[in-house]
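Summary of the model geometry
Spelled out from the first residue to the last, the chains are:
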Amino acid sequence: MKECKPTKTWERTRLQNLVRHKSGRYYARAFAGGKEVWKSLKTSHYSVAQAKLAEFLKEHRERRSNGNGEVSAKMTFGEAAAVHLRNLDDNLSIKPRTRDYWRECLAALQKSWPGMNETEVRKITQTDCKEWARAYGKTVSPTRYNNTISVLRHVLNVAVEAGVVYSNAAAAVKRAPMRGKEIALPTIDKFNALISEMRAGHSRDSVNCADFAAGLAFTGCRKGEAGQITWRNVDFEAGEIVVRGDAETGTKNWELRRVPLIPDACTLFQRMRSERARSP
C-alpha cells in the first residue's frame, strides 16, 4: 500500500502577507502589537485576493500608526478604559449629564466583571464577553444592558485603534430587544381638572405651578428647557416659541428649536403676561 502524504493546510504565495488555504481560499496575515493577525479575504481568485490584501494592509498600517508606537501589546482593559474616559472628556458635544451616565455604565461593567481591569485586552475573547453579558442581562434593565454593552465595545475599540488587537471581541454580543413604553395620557377633561386643582391650591406658588404644568403640556418642552424661556422667546405674531435651552448646556441635541404656538399655549402665555404686568 502506498503511504499517503499529508496535505499541507497552508501554502505560501508570491506575496509576503498572502497565504492560501487548502480549500483554495486566500487569507491575509500581518502582525499587530506583537500578535499575529489573520483575516479571510473570502475569495479563491488570486487577482481579487491581491486587491483585498492591499486594502487590508492599508487599514492595518493605519491602526498601528494610531498607537503612535507607545501602546504596549499587553494593554489591560483598565488602561484602555482610561483612554476611553479621556476621549469622553475631550468630546465637547457630549453634555455633562450624559458623560456622567456613561461613566456610571463603565463603573457597573467593571463591578460586574471581577478582575477585568487587570486583564489584557488581547486575552478577552468573544466567549468571555458573551458569558458576562448572559449573567449581566439578568440583573439590569434592557436599556442599561444595551448601554453597558456599548461602553464595553467603545473601550475595546481603543485597543483595536491602537493596533493591540485586530477585532473587537464584544462585537458579537447581541443587544437586548426593547419594548415600547405604554403611555397612558389623561383625557382633556381630566387634564383640565388637574390644572384647576393645582391652581386652586393654598400655596403661594399654586398658580405658577399650574401654569408651568400647562405650559409643558402645550409646548412639549422639557422641564429644563421650559425654565429658560423668556418673553423675548415667545413670538405671538409669528406664532412660535424659540427654545434655546440652558445657557451653558443648550437643548438635549444642542439644536435651537422653534415650537408652534398652538391656541391653548397662546391663550396661556397672553394671560400670564397680562397678570404679571399687573403684579407689583
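Parameters at a glance
- Residues numbered from 1 in each chain as written.
- Predicted model: local features only at pLDDT ≥ 70, side-chain atom pairs only at ≥ 80, totals over all residues.
- Heavy atoms only, no water.
- Helix = DSSP H or I, 4+ residues; strand = E, 2+ residues; numbered from the N terminus.
- Buried < 20%, exposed > 50% of the residue type's maximum accessible area, 1.4 Å probe, protein only.
- Contact = heavy atoms within 4.5 Å.
- Axes fitted to C-alpha atoms, helices over the stretch in contact; angles between N-to-C directions.
- Parallel < 35°, antiparallel > 145°, perpendicular 65-115°, else oblique.
- Left-handed = near helix turned anticlockwise from the far one by under 90°.
- Nonpolar A, V, L, I, M, F, W, Y, C, P; charged D, E, K, R; others polar.
- Salt bridge = Lys/Arg side-chain N within 4 Å of Asp/Glu carboxyl O.
- Pairing = 2+ DSSP bridges.
- Polar contact = N/O pair within 3.5 Å; in protein donor to acceptor, adjacent residues only side chain to side chain.
- Expected span 1.5 Å × (residues − 1).
- Core = buried A, V, L, I, M, F, W, Y, C linked by side-chain atoms within 4.5 Å.
- pLDDT = per-residue confidence, 0-100.

1. Quick notes on the overall build of the chain
Helix and strand content of the chain: nine helices and seven strands. With 280 residues in all, the chain has 32% of them scored as buried. The long-range fraction of contacts in the chain, counting pairs at least 24 apart against all pairs at least 6 apart in sequence, stands at 51%.

2. So, the packing of helix α4 (residues 126–136) against helix α5 (residues 142–161)
Contact geometry for α4 and α5: axes closest at 11 Å, N-to-C directions at 155 degrees. Accordingly, the angle class assigned to the pair α4 and α5 is roughly antiparallel. Along this stretch, α4 crosses α5, giving a crossing that reads as right-handed. Seen from α4, the contacting residues are Cys129, Trp132, Ala133 and Tyr136; seen from α5, they are Arg144, Tyr145, Thr148, Ile149, Leu152 and Leu156. The residue makeup of the contact of α4 with α5, split by class, is eight nonpolar, one polar and one charged.

3. Brief notes about the pattern of salt bridges
Side-chain pairs of opposite charge can arise where the charged atoms are in close proximity. Under the criterion given, the structure shown has twelve salt bridges. One salt bridge connects Arg271 with Glu275, and the closest N-O pair in it is separated by 3.0 Å. Taken together, the residues Arg271 and Glu275, both in helix α9 (residues 263–278) and four residues apart, mark about one turn of the helix. Taking relative accessible area as the criterion, Glu275 reaches 30% and is therefore assigned partly exposed. Here the salt bridges do not stand alone but share partners, grouping Arg199, Asp211, Arg271 and Glu275 into one network.

4. A short note on the sheet that holds strand β5 (residues 234–235)
The strand order across the open sheet built from three strands is β5-β6-β7, with neighbouring strands paired in antiparallel fashion. Two strands in the sheet have a free side with no partner beyond their single neighbour: β5 and β7 (257–260). With two bridges joining them, β5 and strand β6 (residues 240–243) adopt antiparallel strand pairing. By the bridge assignment, Asp235 is partnered in β6 with Glu240.

5. Quick word on the side chain of Thr219
With respect to the secondary-structure elements, Thr219 resides in helix α7 (residues 206–219). A polar contact of 2.7 Å, which involves the side chain of Thr219, links it to the backbone oxygen of Gly215. Here the side chain of Thr219 touches Cys221 through a polar contact of 3.2 Å, landing on its backbone nitrogen. Dropping the residues within four chain positions of it, Thr219 is found in contact with Ile241, Val259 and Phe269.

6. Remarks on helix α3 (residues 96–112)
With 17 residues, α3 ought to run about 24 Å at 1.5 Å a step, and its terminal C-alpha atoms sit 24 Å apart, in line with that. Arg99, Cys105, Leu106, Ala108 and Leu109 are the residues of α3 that are buried. In this fold, the buried residues of α3 make contact with α2 (77–90), α4 and α5.

7. A word on the side chain of Ser206
Assignment of secondary structure puts Ser206 in helix α7. With relative accessibility at 7%, the residue Ser206 sits in the buried group. Of note is the side chain of Ser206, whose polar atom sits 3.3 Å from the backbone oxygen of Gly201. What Ser206 contacts, discounting residues up to four positions off in sequence, is Met198, Arg199 and Gly201.

8. Quick look at the nonpolar core
Grouped together as the largest cluster of nonpolar side chains are 34 residues, with contacts concentrated most on Phe77, Leu109, Cys129, Leu152 and Leu156. Elements with a minimum of two residues in this core: α2, α3, α4 and α5. Sort the elements by how many residues they give to this core and α5 lands first, with nine residues.

9. Looking at the confidence of the model for the chain
Averaged over every residue, the pLDDT of the chain is 84; the share at 70 or more is 86%. When mean pLDDT is compared element by element in the chain, α4 scores highest at 95, while strand β4 (residues 35–40) scores lowest at 77.

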